[in-house]
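Single-letter residue listing:
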Amino acid sequence: MDTLRIGLVSVSDRASSGIYQDKGIPALEEWLASALTTPFQIETRLIPDEQSIIEQTLCELVDEMSCHLVLTTGGTGPARRDVTPDATLAVADREMPGFGEQMRQISLNFVPTAILSRQVGVIRKQALILNLPGQPKSIKETLEGLKSADGEVKVPGIFASVPYCLQLLDGPYVETNPQVVASFRPKNARRETLS
Ligand SMILES: Nc1ncnc2c1ncn2[C@@H]1O[C@H](COP(=O)(O)OP(=O)(O)OP(=O)(O)O)[C@@H](O)[C@H]1O
Ligand SMILES: Nc1nc2c(c(=O)[nH]1)N[C@H]1C(S)=C(S)[C@@H](COP(=O)(O)O)O[C@H]1N2
């Protein structure tokens, strides 16, 4: 069985030039380690907010590194240099509008400025590419969703739908820790695994 390959792209002028330390990739790595119960490999890239560099990086991760999933963080807002969604759309074969819609829904429970994120989800070849905002805390918020103090899910995180999406793209069978995020797939798509 093919192992899940995940590309992580932190898009930040200041982190990529060393003005501050990048917290995006560590936050993504930490969250994935807590959420995934099936094996995965990671490729990371830290780049500035330059549309051509973002496009090249996404293409390299999907076309050459054969990633099944690419998560970006940063550069989704309205500022002039925020161009991650534009780069993502430019390399997309198809849009998956539900991901952007659901992320903004979730984020509105955390910050009123959630509507300022232009984040998108797209498919390029075999890969699902998702834009997350740049605030490191938004990574957990959008992937995992909103829970009450006793752990009850109030708004499901977008990662609930990622394993089934990857399956529909003929990618590996991915399972998650339900305490972090319960992945959902229709009954006829479920497989017994030895995990
Ligand atoms: N990679 C990162 N590591 C740590 N903190 C980050 C990172 N990216 C963003 N942040 C924080 O989140 C805030 C909002 O993110 P946004 O993507 O809008 O950054 P930005 O102000 O455009 O940053 P930059 O100038 O680095 O591109 C930033 O001001 C910063 O405090
Ligand atoms: N979950 C979550 N979503 C969020 C935020 C956040 O802190 N948490 N910040 C918002 C803000 S303030 C902006 S400007 C947009 C775009 O952020 P970006 O440019 O860092 O991608 O994301 C929004 N979405």
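Structure: above.
Since we're looking at a predicted model, the values are computed, not measured.

Asker: Would you mind going over the site of ligand 2 with me for this structure?
Answerer: Residues in close proximity to ligand 2 total 18 residues, the closest being Thr-76, Gly-77, Ser-107, Gly-134 and Ser-138. With three residues, the single largest contributor to the shell around ligand 2 is helix α6 (residues 136–144). Here the shell around ligand 2 is composed, by residue class, of five nonpolar, 11 polar and two charged.

Asker: Can you walk me through the sheet that holds strand β4 (residues 94–95) in this structure?
Answerer: Strand pairing within a sheet occurs via backbone hydrogen bonds; the two strands may be parallel or antiparallel. Pairing is mixed across the open sheet formed by six strands, whose spatial order is β2-β1-β3-β6-β5-β4. Each of the sheet's edge strands pairs with one partner strand only, and the pair in question is β2 (40–47) and β4. In this sheet, strand β3 (residues 69–73) lies alongside strand β1 (residues 4–11) in parallel orientation, the contact comprising five bridges. Within β3, the position partnered with Ser-10 by the bridge is Thr-73. Those strands touched by helix α2 (residues 24–35) are β1, β2 and β3, and its axis lies near 150 degrees from that of β1.

Asker: I'm lost on the pairing of β1 in this one. Help?
Answerer: Looking along a regular strand, one sees the side chains alternate between the two faces of the sheet. Where burial is concerned, most of β1 is hidden: eight out of the eight residues are buried. Side chains Leu-4, Ile-6, Leu-8 and Ser-10 of β1 all project onto a buried face; the interleaved residues Arg-5, Gly-7, Val-9 and Val-11 project onto the opposite face, where all are buried too. Summarising the sheet, β1 and β2 pair through eight bridges and their orientation is parallel. Residue pairing for β2: Val-9 is matched across the bridge by Arg-45.

The rules behind each value
Residues numbered from 1 in each chain as written. Chains lettered and ligands numbered in written order. Predicted model: local features only at pLDDT ≥ 70, side-chain atom pairs only at ≥ 80, totals over all residues. Near = placed C-beta within 6 Å. Helix = DSSP H or I, 4+ residues; strand = E, 2+ residues; numbered from the N terminus. Nonpolar A, V, L, I, M, F, W, Y, C, P; charged D, E, K, R; others polar. Pairing = 2+ DSSP bridges. Contact = placed C-beta atoms within 7 Å. Axes fitted to C-alpha atoms, helices over the stretch in contact; angles between N-to-C directions. Buried ≥ 20, exposed ≤ 12 C-beta atoms within 10 Å, placed from the backbone.

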